[in-house]
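Summary of structural features
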Amino acid sequence: MHKLLDLSAAFDTIDHNILITRISSWFGIHGSVWFKSYLTSRSFLVKCDKDFSSEHISSCGVPQGSVLGPLLFVMYTTPLSTLMSSLSLNHHLYADNTQIFFSFHHRNFDSSVAHLQTALRHISSWMSANLLRLPRLNF
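Residues numbered from 1 in each chain as written. Predicted model: local features only at pLDDT ≥ 70, side-chain atom pairs only at ≥ 80, totals over all residues. Heavy atoms only, no water.

**Points about the overall build of the chain**
Note the following rule: Secondary structure is summarised from DSSP: a helix means a run of H or I of at least four residues, a strand means a run of E of at least two, and numbering begins at the N terminus for each. We call a residue buried when its accessible area falls under 20% of the maximum for its residue type, exposed when it is over 50%, and partly exposed in between, using a 1.4 Å probe and counting protein chains only. We call two residues in contact when some of their heavy atoms are within 4.5 Å. Only the protein chains shown count as cover for residues, with accessible areas throughout obtained via the Shrake-Rupley method and a probe of 1.4 Å.
Of regular secondary structure, the chain possesses four helices and seven strands. What you see in the chain, going N to C, is helices and strands ordered as β-α-α-β-β-β-β-α-β-β-α. Buried residues in the chain amount to 33% of all 139 residues. When contacts within the chain are restricted to residue pairs at least 6 apart in sequence, long-range pairs at least 24 apart make up 62% of them. Total accessible area on the chain is roughly 8,700 Å²; 54% of this is exposed by carbon and sulfur atoms.

Structure, rendered in structure tokens:
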């Protein structure tokens, strides 16, 4: 079975505090002043035709279109890879989606489906705790 999890608006939902902590705890990059400076106090506005909205400060997310955006997202979701491995799920993590591969023999169908459902509950809990939204899964 192969399932693609598309993380809706994933780059926009990254919590800066979680990311800074993860950069330090998972990757050993301490003194994250540069990352804090890069992520915080970024402003944006919206243009519609010739009109512009007022300026707003972004409290979460990574700059899209930057070289660091996908890298920071992968760093943010690295613990998800560890979780999936612990659940015996083969997977590929990309910038804003995840592919899960789960093989089983037809004789073990019921227990395999139960395992997959449990694994998806764990993944969903991890995503919720990390402020990511798991789209509705259709099998």
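Let's pick the thread back up.
**Remarks on the packing of aromatic side chains**
Our working definition: Only Phe, Tyr and Trp rings take part, Trp by its six-membered ring, and two of them pair if their centres are within 6.5 Å. Stacked means planes under 30 degrees apart, edge-to-face means over 60, and tilted covers everything else. Only when the NZ of Lys or the CZ of Arg is both within 6 Å of the ring centre and within 35 degrees of the ring normal is a charge said to sit over the ring.
For the coordinates displayed, the defined rule picks out three aromatic pairs. A centroid spacing of 5.2 Å and a plane angle of 85 degrees characterise the contact between W34 and F35, whose relative ring orientation is edge-to-face. In this structure F35 comes out as buried when scored by relative accessible area, which is 14%. Measuring from centroid to centroid gives 5.2 Å for W34 and Y38, while their planes differ by 10 degrees, and the two rings are stacked. With W34 and Y38 both in helix α2 (residues 33-39) and four residues apart, the pair spans about one turn of that helix. An aromatic cluster is defined as three or more aromatic residues linked by ring pairs; in this entry it consists of W34, F35 and Y38. Of note, R22 hangs over the ring of Y76, and the distance from its end group to the ring centre comes to 5.3 Å. Over the face of the ring belonging to Y38 we find R42, whose NZ or CZ atom lies 5.0 Å from the ring centre.

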